[in-house]
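# Secondary and tertiary structure notes
Here are the chains, one letter per residue:
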Amino acid sequence: EEEKEKKYSGNVVLSCQPIKNEFYEYEKVQINCLAKNVGNIFLDDLDVCFENKCNKISLGISQTKNVSFDIGASVLGIKGSSVTLRNDLVSKSVELNYKINDVPRIDIEELNFPVNVSYDEKFVISFTLTKKSESNPKNVEVIFAQNGFEKKWNIDEMTENRKFILDIVGNQLKFGANDYK
C-alpha cells in the first residue's frame, strides 16, 4: 500500500535472499540484500530493515549497494518475514521464507539383554534408536562394541525410530563381566 503511495518507489529495486532455506536454532539467520536506484534522483537516508534491525544507506543515481543482516534464530518452524527499504520518497518490501529447525537429538531406549548366558547359548541384544527432535538427524553412525568386536551402521537421514536386534552366541563372550559400548 505504502509502496504505491510514494511515487519514486518504482525507481528502486530490492532483492533479498537468506543464505540458505533452513537454519538450526543455534545458527544466525543471514539475509543478503541488493538495493539498486534505477531512477534519476539521489536517494538518501534509506532505512533497510529486517526483524527490528535497520541499516541506513544512501543510493546515488544508478548505484547498487549490498546490505546484510545476521539475526539470532528465534521461533522454530517456517518463518515468513519481510525486508523493507524506505525513506520519505520510497517504500519497498520483499517477502522472505525460511525454516528454523531444532537441534537433532537421538536417545538409546529399550535396551534389552540377558543378565546371564551359558557358553553355547544363543541370545539377543536389542535396543531402539529414538528420534527426539523434529529435525531429522543426518549422517548418524551407530557402533555396538563388545570385547573388541564392533558392529557399525550408518544412517544417512533418520526420519523415524530404528530398532536394532543382534544375535550373539555365548562363546563370543569372555568369562565374567563383558564390556559393551
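Numbers given for residues are sequential positions, taken from 1 along each chain in its written order. Since the coordinates come from a predicted model, pLDDT governs what is reported: local features require at least 70, and pairs of side-chain atoms require 80 or more to be given and counted, while whole-chain, interface and lining totals use all residues. The side-chain values count all of the structure's non-hydrogen atoms but skip hydrogen atoms and water molecules.

## Points about the overall build of the chain
If you tally the helices and strands in the chain, you get one helix and 13 strands. Each helix is a run of H or I in the DSSP string that is no shorter than four residues. Each strand is a run of E no shorter than two, and both are numbered from the N terminus. For the chain, the N- to C-terminal ordering of α and β elements is α-β-β-β-β-β-β-β-β-β-β-β-β-β. Exposed residues in this analysis have more than 50% of their type's maximum accessible area, buried residues have under 20%, and partly exposed residues fall in between, with area computed by a 1.4 Å probe over protein chains only. Out of the 181 residues in the chain, the part that is buried amounts to 35%. Only heavy atoms matter for contacts: two residues are in contact if any of them lie within 4.5 Å across the pair. The long-range fraction of contacts in the chain, counting pairs at least 24 apart against all pairs at least 6 apart in sequence, stands at 57%. Accessible surface, the chain: about 11,600 Å² in total, of which carbon and sulfur atoms supply 46%. For the accessible areas, the method is Shrake-Rupley and the probe is 1.4 Å, while residue cover comes only from the protein chains on display.

## Regarding the side chain of Thr 84
Inspection of the secondary structure puts Thr 84 in strand E7 (residues 77-86). Excluding residues within four positions of it along the chain, Thr 84 makes contact with Leu 14, Asp 47, Val 48, Cys 49, Lys 92 and Ser 93.

## Observations regarding the nonpolar core
The nonpolar side chains of soluble globular proteins are, as a tendency, buried together. By nonpolar core we mean a set of buried residues, namely Ala, Val, Leu, Ile, Met, Phe, Trp, Tyr and Cys, connected to one another through side-chain atoms within 4.5 Å. Ranked by size, the top nonpolar core spans 25 residues in total, and within it Ile 31 and Val 83 carry the most contacts. Broken down by secondary-structure element, the contributors of at least two residues to this core are strand E1 (12-18), strand E3 (28-37), strand E4 (43-50), strand E5 (53-59), strand E6 (64-72), E7 and strand E8 (91-101). Here Ile 31 is in contact with Cys 16, Gln 17, Pro 18, Phe 50, Val 67, Ser 68, Phe 69, Val 83 and Leu 96, once residues within four sequence places are set aside.

## A word on the sheet that holds E8
The criterion for strand pairing is that DSSP finds at least two bridges linking the strands in question. The strand order across the open sheet built from five strands is E2-E8-E7-E4-E5, with neighbouring strands paired in mixed fashion. Edge positions in the open sheet fall to strand E2 (22-24) and E5, since each of these has one partner strand only. Adjacent strand axes in the sheet meet at a mean angle of 30° when their direction is disregarded. Summarising the sheet, E7 and E8 pair through ten bridges and their orientation is antiparallel. Across the sheet, residue Ser 82 finds its bridge partner in E8, namely Glu 95. Axes here mean lines fitted to C-alpha atoms, for a helix over just the part in contact, with angles spanning 0 to 180 degrees between N-to-C directions.

## Focus: the state of the cysteines
Simply put, disulfide is the name for a covalent bond between the sulfur atoms of two cysteines. The criterion for a disulfide is a pair of cysteine sulfur atoms lying within 2.5 Å. Applying the stated criterion across every chain, the model contains two disulfides. For Cys 16, the disulfide goes to Cys 33, at an S-S distance of 2.2 Å. Between Cys 16 and Cys 33, the disulfide has an S-S torsion of 115° and is therefore right-handed. Within this pair, whereas Cys 16 is found in strand E1, its partner Cys 33 is found in strand E3, the two being separated by 17 residues in sequence. Paired by a disulfide, Cys 49 and Cys 54 hold their sulfur atoms 2.0 Å apart. Handedness of the Cys 49-Cys 54 disulfide follows from its S-S torsion of about 110°: it is right-handed. For the chain, the bonded cysteines pair up as 1-2, 3-4 when numbered in the order they occur along the sequence.

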